[in-house]
Amino acid sequence: MSTPGPPEDHGLRMVPLRGLRYVPEEVGSLAAVTSPPYDVVVRPDGLLHLESADPHNIVRLILPQADTAPARHRQAAETLRDWLARGILAPDAEPALYLYEQSRDGLLQRGIIGALALSSREEGVVLPHEDVMPHVVEDRAALMRATAANLEPLLLTYRSGPGPSGTTDTIDRTAARPPLLSTTTEDGFHHRLWSITDPAEVAAVTTDLSHHQALIADGHHRWATYLRLKEEHTGAPSPWDYGLVLLVDTARYPLQVRAIHRLLHRLPVSEALAAVGDSFRIRRLDTPLPEALASLAEAASRGNAFLLAGDGAYHLLDRPDPGLLSRTVRGDRPEAWRTLDAAVLHETLLAHVWHVPDAPEDIAYIHDTEAAVEQAERHNATGVLMHPVREEVVRDLARQGVTMPRKSTSFGPKPATGLVLRSLDVN
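Residues numbered from 1 in each chain as written. Predicted model: local features only at pLDDT ≥ 70, side-chain atom pairs only at ≥ 80, totals over all residues. Heavy atoms only, no water.

(A) Here's a closer look at the pattern of salt bridges. All told, the structure shown has 25 salt bridges when counted by the stated rule. Between Arg145 and Glu232 there is a salt bridge, and its shortest N-O distance comes to 2.8 Å. Taken as a pair, Arg145 in helix H5 (residues 134-147) and Glu232 in helix H8 (residues 220-232) lie far apart in primary sequence, 87 residues in all. Judged by relative accessible area, which is 33%, Arg145 ranks as partly exposed. Judged by its relative accessible area of 41%, Glu232 falls in the partly exposed class. Each of Arg281, Arg283, Glu298, Arg302 and Asp318 takes part in one network of salt bridges that share partners. (Salt bridge = Lys/Arg side-chain N within 4 Å of Asp/Glu carboxyl O. Helix = DSSP H or I, 4+ residues; strand = E, 2+ residues; numbered from the N terminus. Buried < 20%, exposed > 50% of the residue type's maximum accessible area, 1.4 Å probe, protein only.)

Here is the structure:
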């Protein structure tokens, strides 16, 4: 079941693109038109905040608002055409790879944005580590069809070897030059972008990357969407054979791995606790959230642990009944998968204890911890707060060809959406 690495010189194939970018003179500020990735925006409050930040905020393309899905997608396409016609967005004059930098409070991340040749999972070039939800893929595919654009880059990681390489040398030289743009978003991250157009530098990067495989850190649904749309355009080579990505070398710039929490819409905390009974140890924590999370981390260091929220307190679940786990967690996966918190949550708690379907009307996936607690308390729901998985566990499972339960991890910092877009109509 393991996934082999790519053959020599048949790894990542990155090509330059004419990036579609905001024209600074036509918008209030570059920071005001950016957004987090579409699935990180906490709706509706976060969406309304972004929409009001600037009339041209990118959220109007990635999360258009209308009564029906077809109307939303038409609206996004019409908005994109209008912004192009009015010069709000414009393609760069020549194809380029882009160096993208994020920094805040001593954290520095740099990576290369470009158009990556799409490949199947069996080829072992791009490794997914999470399952996807079909309805999300269908929605993203419909939006990409309507706009004929990749509106936000996926975040992919790879690991360079010791010593310099074509990519690391090019990144270091490029970062010493004046950037194309520089802006600071309200989350405190400082963003800078450079274009790499020199043929020798482009060749140095693309040749180096051809020896590597990548792990999808963020964007599994968009990657699955890219592959679906590529299949729809089989035949002659086309722009649909590529997708917009940001590639980060985690040997030089380690990512942070955070958990993605669950909001169980139809399950009050009291009912969740009653159903658990004595199958887990349950401890009520009347402490502030940071202290409750510290207790979760301590418990998670010894085994599976979850923090329930929604009734004004926190309830720590740990020490699951081993017999229950052996009966409910599927046995055809490696031990590292069977002991994942996300696997135990979905296989044991959701499926067998709480009988909660993994459907959007029953479960929401929320990246922000405070937002998960606030929404659980507001709606008399159960927030399940998770502890993050280590990156090496994720990468090891991906190399074995094993996917984790959907929304198991959140790698970051994530690229700001709106700094570089890719139009499939622009060569």
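(B) Expanded view of the packing of aromatic side chains. The final tally for this structure, using the stated rule, is three aromatic pairs. Ring plane angle 65° and centroid distance 6.3 Å describe the contact between Trp223 and Tyr226, whose orientation is recorded as edge-to-face. With Trp223 and Tyr226 both in helix H8 and three residues apart, the pair spans about one turn of that helix. For the pair Trp223 and Tyr226, a shared accessibility class is recorded, and that class is buried. Relative to Phe306, the ring of Phe280 lies with its centre 6.2 Å away and its plane at 65°, an arrangement referred to as edge-to-face. Linking Phe280 in the loop between helix H9 (269-276) and strand S15 (281-285) with Phe306 in strand S16 (residues 305-309), this pair joins segments that are 26 residues apart in sequence. Of the two residues examined, Phe280 and Phe306, each falls in the buried class. The positively charged end of Arg333 is found above the aromatic ring belonging to Trp337, 4.9 Å away from the centroid. (Phe/Tyr/Trp six-rings, centres within 6.5 Å; stacked < 30°, edge-to-face > 60°. Lys NZ or Arg CZ within 6 Å of the ring centre and 35° of its normal.)

(C) Looking closely at the sheet that holds S16. Taken in spatial order, the six strands make up an open sheet running S15-S17-S16-S19-S14-S18, and their pairing is antiparallel. Across the chains shown, the open sheet's two edge strands, defined by having one partner strand only, are S15 and strand S18 (363-366). Between one strand and the next, the sheet's axes are offset by a mean angle of 25°, whatever the strand orientation. With four bridges joining them, strand S14 (residues 261-264) and S18 adopt antiparallel strand pairing. From the neighbouring strand, Arg262 faces S18, where its bridge partner is Tyr365. Sheet strands touched by helix H10 (residues 289-300): S15, S16, strand S17 (314-318) and strand S19 (382-385). Its angle to S16, the strand with the most contacts, is close to 155°. Against the sheet, helix H13 (residues 341-353) touches S14, S16, S18 and S19, its axis set at about 65° to S16. (Pairing = 2+ DSSP bridges. Axes fitted to C-alpha atoms, helices over the stretch in contact; angles between N-to-C directions. Contact = heavy atoms within 4.5 Å.)

(D) Just unusual backbone geometry, in detail. Of note, the bond from Gly412 into Pro413 is cis; its omega dihedral lies within 30 degrees of zero at 5°. Position of Pro413 among the secondary structure elements: in the loop between strand S20 (410-412) and strand S21 (422-423). Unusually for a residue other than glycine, Asp105 sits at a positive phi of about 50°. Tracing the backbone shows Asp105 in the loop between strand S4 (97-104) and strand S5 (107-117). By relative accessible area, Asp105 is classed as exposed at 76%. Positive phi values are uncommon outside glycine, yet Asn380 reaches one of about 55°. Following the sequence through the fold, Asn380 ends up in the loop between helix H14 (369-378) and S19.

(E) Highlighting H13. Over its 13 residues, H13 extends only 15 Å from the first C-alpha to the last, a length that falls short of the 18 Å expected when each residue adds 1.5 Å. Phi for His355, located one or two positions after H13, is positive at around 55°. (Expected span 1.5 Å × (residues − 1).)

Structural measurements only, silent on function.
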